[in-house]
Amino acid sequence: MKLNYLQFFIFILFSIPVTIYAQNPIKGVVKRTNGAPVPHATVKIRGTNLAVSADENGAFNINSKQELPFFLQVSSVGYKPQDFQILKVDSTILELTLVEDALLDQIVVTSRRRSEVLQDVPIPITVIGGQSAENAGAFNVNRLKELVPSVQLYASNARNTTLNIRGLGSTFGLTNDGIDPGVGFYVDGVYHARPAATSTDFLDIEQIEVIRGPQGTLFGKNTTAGAFNITTTKPTQIPTAKAELSVGNYNFIQAKTSISGGVAKNLAAKLSISGTQRDGTIWNTREERKYSGQNNLGFKGQLYFTPSDKLQILLSGDVSIQHPAGYPLVIAGVTTTERSAYRQYAKIVSDLGYQQPKVDPFSREINTNTPWRHNQSIGGISLNIDYKIGNGTLTSTSAWRFWNWDPTNDRDFSELSALTKSQGNSHHDQYSQEFRYSGNITERLSGVIGLFALGQNLQGLDQTEEVGKDQWRFVQTSATGSQALYSTPGLLDGFGIKTNSTIKSLSAAVFAQVDWEFLDHLHILPGLRYTYDKKDVDYNRVTYGGLQTSDAALLALKAAVYSNQQFNINTDNNNLSGNITLSYRPNAKLNAYGTFSTAYKPVGVNVGGLPTNTAGQADLSVAVVKPEYVEHYELGVKTKPVKGLLVNVTAFKTDIRDYQTNVQSPQLGVNRGYLANAEKVKVKGLEVDGSYQLERFLTLNAAVAYLDGKYVKFTNAPLPLEETGHTEVIGGTATQVAFKDASGGRLPGISKWNISGGAEFSVPGSLATKVGRYFIAGDASYRSNYSSNPTPSKVLNVDGYSLLNARIGFKSEKFSAFVWSRNITNKNYYEQLQAAAGNSGLYAGVLGDPRTYGATLRYTF
């Protein structure tokens, strides 16, 4: 049953009490830092609902009979809210000064585990304010890739999510749970281990920091490619509430509300709720229903205890529930492989009596005969304690998080009953603890030191893969000999495997980094990290169904499709890595730096099924995947040439040994792929980003990233789809091979050119009784073509595309209303291409969203 979010939020809004106070006059004027008046600023008596608006000259007159002392809250669009204490009430005209908000050269970040001005940090970082992200329609991480060119996020569903920075971080394509991500994802200091966290809706986001490059000496979990450091707004003692409602085409509706206030002395609480619904954009002609819709509900509650200036305790709990209408792939094409004519997709379909598949992906129609389902719930509890000691802060972050995944997929992508069912049901628990001390040791020396431990228990629960009545023709290599027996009625009907697996892992680390100004304006920043990782795997796969027979020949044919597999793996490794940065900051307008760092991604394990050897047994030699070792070089400069203008440039090169990659196998039993190592990979690039702010009237931003990622050496790469069945003469005999040398080929998912830019222009004005600013804004992004296959392919390549988004409306301190549109030009594009299981020639695609549009209303109390 769909929730009526609008009725719920109306109930919340009308539940907020209104109080009337007696009157004593207080007169004043609100000014900017340069002495100019701030017209129409809001002046409110803290703890009450009594508020007035200043006039054109910033003057105000408010009446109160509050017990002294009390506070005036002063705020205005474009300025930082400020509280002023009133000790006495007399005829004196108060002068209250507001500081302009969000000045680009004053953005504060916590990427080095303490508050610092962005331009002073010798790390390439992109910062997106929570409100800016929401205004741009980025209500989850997936939308951020349009704003940050160096970010790549590809997802065929929440589980199969690849989150990369500069093309590195996770394997591209189908997810294998036995590998650790190389991009850290943190919310309020808590590490989120599962990539599915990127699909949940944002709740009360204050700021998003996208940190590029290895950061293992600053964060608890090792990050070989970068990190997302997300902070949310904290509860306030002052009663506040906000509500937001968005509606759009495809019956899109999104509602958010947040209520905060004091519940006891020094104790504040906040409750936030978010709901998103949208009809699907893909039509299943067989089921006559829509897919690729949204149905999300999220809750977050916090208690914030501040008994003294030195101690802060934040208890947080959140849960997100998603029951979307599935995320199917559409048939994108059929290619000829190097298999015999008998094994080409068109011939197979014809022999089974079906029509050839409709290849019209942007009609957004599918004809699959298994329902798609991608239900998940994800959440957890965390306790964060900050205690000031000396010139620094001791922080303890304790957390437990969970993830439940309940999917159904039709992996033949068609009306055929071939690979009819793919259900990777999973349950994940993680427990983490971090202790960290950061701050200024002396006037010239600052740093951070920390301990981190992460325990995970990831279970595959009756994960199911099942074939249907048509699968026999896909696996049959000829119509003669024993292969002719594949046409035995019912042989493979309902034949499948159920897998139960467990990965228990432990990661522990100690890390430290200092910033020492050893000469005037010249800083050296050494960092060191020691990590220990351990993984224990229990894997058990059992076949079921199909024709029940004792015929040895038929049993052998069934076993060639699916077979029982059982193995246990216990593996561990440790690593010492670090970095050193030299930074020169002669003045506030220049920060030049160079960095060398080493990093590693821990040992991986295969839990998606192993390929079989010539004896038909699981190939245990590929059960464990070697750790990934990184050497990273970076040169950067951050500049402020003139007032309001920032220009930053970064050049980098990353070398990776034993790169962990995902291999798509033609064997059904490993249709989710398995992990392997490419001997050496190199990614190099150049990033330029700039922004300009002209007072409050105009804001511009632009960023360009050039990325070049290649396999320096990958001698045992899987064959691309079109080369499946390739034979070579080995020892004088024509032999079919499954691998090739892909050295020199490009890495998947990396566009050479990634460009984004945006602008916002605003002017002062009024809407009814609300004083604020009218604005028009837009952003555009471009990605050049990229490979969508672990091994470079002639057919599995995504063409480059551009997207344009815009919005226009009105915003004031407490009220905003605007209309928006995403993908205004209705560009048809793929986000990912993928070969169908079995590599018979069919491939499918993940479609980007079509044009969407709507309106948003936002109100703060």
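Worth saying up front: this structure is predicted, and the values here are computed from it rather than measured.

Each value, and the rule that gives it
- Residues numbered from 1 in each chain as written.
- Predicted model: local features only at pLDDT ≥ 70, side-chain atom pairs only at ≥ 80, totals over all residues.
- Heavy atoms only, no water.
- Helix = DSSP H or I, 4+ residues; strand = E, 2+ residues; numbered from the N terminus.
- Buried < 20%, exposed > 50% of the residue type's maximum accessible area, 1.4 Å probe, protein only.
- Contact = heavy atoms within 4.5 Å.
- Areas by Shrake-Rupley, 256 points an atom, 1.4 Å probe, with all protein chains shown as cover.
- Lys, Arg positive; Asp, Glu negative; His and termini not counted.
- Charge placed at Lys NZ, Arg CZ, Asp CG, Glu CD.
- Pairing = 2+ DSSP bridges.
- Polar contact = N/O pair within 3.5 Å; in protein donor to acceptor, adjacent residues only side chain to side chain.
- pLDDT = per-residue confidence, 0-100.
- Salt bridge = Lys/Arg side-chain N within 4 Å of Asp/Glu carboxyl O.
- Axes fitted to C-alpha atoms, helices over the stretch in contact; angles between N-to-C directions.
- Arc of directions from axis to C-beta.
- Core = buried A, V, L, I, M, F, W, Y, C linked by side-chain atoms within 4.5 Å.
- Phe/Tyr/Trp six-rings, centres within 6.5 Å; stacked < 30°, edge-to-face > 60°.
- Patch = residues over 30% accessible without salt bridge, like charges linked within 9 Å, V, L, I, M, F, W, Y side chains within 5 Å.

(A) The arrangement of the overall build of the chain in detail. The helix and strand tally for the chain stands at 6 helices and 53 strands. Relative to its 861 residues, the chain shows a buried fraction of 55%. Looking at the chain alone, contacts between residues at least 24 apart form 70% of all its contacts between residues at least 6 apart. Here the chain has roughly 34600 Å² of accessible surface; of this, 57% comes from carbon and sulfur atoms. Taking the average place of the 81 positive charges on the side chains of the chain and the average place of its 72 negative ones, the gap between the two points comes to 2 Å.

(B) Up close: the sheet that holds strand S25 (residues 365-366). Judged by pairing direction, the sheet is mixed, and its 3 strands sit side by side in the order S21-S20-S25 without closing on themselves. One side of each edge strand has no neighbouring strand; the edge strands of this open sheet are strand S21 (289-291) and S25. Where strand S20 (residues 282-284) lies against S25, 2 bridges are found, and the strand directions are parallel. Note that in S25 the partner of Trp 283 across the bridge is Glu 365.

(C) Layout of the side chain of Asn 222. Mapped onto the secondary structure, Asn 222 falls in the loop between strand S15 (205-212) and strand S16 (226-232). In this structure Asn 222 comes out as buried when scored by relative accessible area, which is 6%. At 2.4 Å, the side chain of Asn 222 and the backbone oxygen of Tyr 600 are in polar contact. Excluding anything up to four places from it in sequence, Asn 222 contacts Gly 216, Arg 529 and Tyr 600.

(D) The arrangement of the confidence of the model for the chain in detail. On average, residues of the chain score 88 in pLDDT, and 92% of them reach the 70 mark or higher. Mean pLDDT values over the elements of the chain span from 44, in helix H1 (residues 5-14), up to 97, in strand S24 (residues 330-334). Confidence over residues 5-23 falls short of pLDDT 50; this stretch has 33 contacts with residues more than four positions distant or in other chains.

(E) Layout of the pattern of salt bridges. Taken as a whole and judged by the stated rule, the model has 32 salt bridges. With a shortest N-O distance of 2.8 Å, Arg 473 and Asp 351 are connected by a salt bridge. A residue pair is termed long-range when its members are at least 10 positions apart, and Arg 473 in helix H5 (residues 471-475) and Asp 351 in helix H4 (residues 345-351) qualify at 122 residues. The exposure class assigned to Asp 351 is partly exposed, which follows from its relative accessible area of 38%. We note a salt bridge from Glu 365 to Lys 358, for which the minimum N-O separation is 3.0 Å.

(F) View of the sheet that holds strand S5 (residues 70-75). Taken in spatial order, the 4 strands of this open sheet run S3-S2-S5-S6, and their pairing is antiparallel. Two strands close off the open sheet at either side, each with one partner strand: strand S3 (51-53) and strand S6 (82-86). In this sheet, adjacent strand axes meet at a mean angle of 20 degrees when their direction is disregarded. Where S5 lies against S6, 5 bridges are found, and the strand directions are antiparallel. By the bridge assignment, Phe 71 is partnered in S6 with Gln 85.

(G) Representation of the pairing of strand S51 (residues 830-835). Extensive coverage of S51 is indicated by the burial of 6 of its 6 residues. Where S51 lies against strand S52 (residues 842-847), 5 bridges are found, and the strand directions are antiparallel. Pairing of Tyr 830 across the sheet is with Leu 847, part of S52. In sequence, S51 turns back onto S52 through a hairpin of 6 residues, with Gly 838 there showing a positive phi of about 95 degrees.

(H) Examining helix H6 (residues 552-561) more closely. When we look at burial in H6, the residues that qualify are Leu 554, Leu 557, Lys 558 and Val 561. Take H6 and look down its axis: the buried residues cluster within an arc of 100 degrees, on one side only. Residues of H6 that are exposed and point over 90 degrees away from its buried face: Ala 552 and Ala 560. Looking at the buried residues of H6, the elements they touch are H5. Where H6 begins, one side-chain oxygen reaches toward the backbone nitrogen of Ala 553, 2.8 Å away; that side chain belongs to Asp 551.

(I) Structural detail: the nonpolar core. If you look at the biggest cluster of nonpolar residues, it comprises 51 residues, and the most contacted ones within it are Ile 208 and Phe 228. Sequence-distant contacts of Phe 228, that is, excluding residues within four places in its chain, are made with Val 141, Leu 144, Val 151, Leu 163, Ile 165, Val 183, Gly 184, Phe 185, Tyr 186, Ile 208, Glu 209 and Val 210. Judged by nonpolar contacts, the second largest core, of 35 residues, contains Tyr 154, Ile 366, Leu 721 and Leu 847.

(J) Representation of the packing of aromatic side chains. Applying the stated criterion across every chain yields a total of 22 aromatic pairs. Aromatic pair Phe 185 and Phe 228: ring centres 6.2 Å apart, planes at 45 degrees, arrangement tilted. Of this pair, Phe 185 sits in strand S13 (residues 183-187) while Phe 228 sits in strand S16, and the two are 43 residues apart along the sequence. Judged by its relative accessible area of 6%, Phe 185 is buried. Take Phe 228: its relative accessible area is 0%, and that puts it in the buried class. Between Tyr 186 and Tyr 191 the ring centres are 5.5 Å apart and the planes differ by 55 degrees, which places this aromatic pair in the tilted class. Both residues of the pair, Tyr 186 and Tyr 191, belong to the buried class.

(K) Layout of a positive patch on the surface. A surface patch of like charges, here positive, comprises Lys 680, Lys 682, Lys 684, Lys 710 and Lys 752. The element that contributes the greatest number of residues to the positive patch is strand S39 (residues 674-694), accounting for 3 residues. Structurally, the position occupied by Lys 752 is in the loop between strand S44 (739-740) and strand S45 (753-767).

(L) Focus on a nonpolar patch on the surface. On the surface, a cluster of nonpolar side chains totalling about 660 Å² of accessible area is made up of Phe 697, Phe 761, Val 763, Leu 767, Tyr 774, Ile 776, Ile 808 and Val 819. Taken together, the elements giving at least two residues each to the nonpolar patch come down to S45 and strand S46 (770-783). With 3 residues, S45 is the single largest residue contributor to the nonpolar patch. Within the fold, Ile 808 resides in strand S49 (residues 801-812).

(M) Spatial organisation of unusual backbone geometry. Within the chain, Asn 251 stands out as a residue other than glycine whose phi angle is a positive 55 degrees. Looking at the element boundaries, Asn 251 is found in the loop between strand S17 (240-248) and strand S18 (252-264). Phi is positive for Asn 823, close to 50 degrees, though the residue is something other than glycine.

(N) Spatial organisation of the environment of His 323. Along the chain, the position of His 323 falls in the loop between strand S23 (311-322) and S24. For His 323, a relative accessible area of 44% puts it in the partly exposed group. Sequence separation between His 323 and Asn 375 is 52 residues, and the spatial gap between their C-alpha atoms is 4.6 Å. For His 323, the residues in contact, after removing those within four places along its chain, are Asn 295 and Asn 375.

(O) Here's a closer look at the pairing of S45. Taken together, the 9 bridges between strand S40 (residues 698-713) and S45 define a ladder with antiparallel strand orientation. The residue bridging Tyr 706 from the neighbouring strand is Trp 753, located in S45. Note: S45 against S46, 14 bridges, orientation antiparallel. Across the sheet, Ile 755 pairs through a bridge with Tyr 782, a residue of S46. Joining the antiparallel neighbours S45 and S46 is a turn of 2 residues, in which Ala 768 adopts a positive phi near 55 degrees.

(P) Representation of the side chain of Thr 724 in the model. Positionally, Thr 724 belongs in the loop between strand S41 (717-718) and strand S42 (727-730). By relative accessible area, which is 6% here, Thr 724 ends up buried. Not counting the four nearest positions on each side in its chain, Thr 724 is found in contact with Thr 337, Glu 338, Arg 339, Leu 719 and Asn 839.

(Q) Broad picture of the environment of Glu 415. With respect to the helices, strands and loops of the structure, Glu 415 is situated in the loop between strand S27 (392-408) and strand S28 (419-423). Judged by its relative accessible area of 23%, Glu 415 falls in the partly exposed class. Beyond its immediate chain neighbours, meaning those up to four positions away, Glu 415 contacts Arg 286, Tyr 354, Asn 367, Thr 368 and Asn 369.

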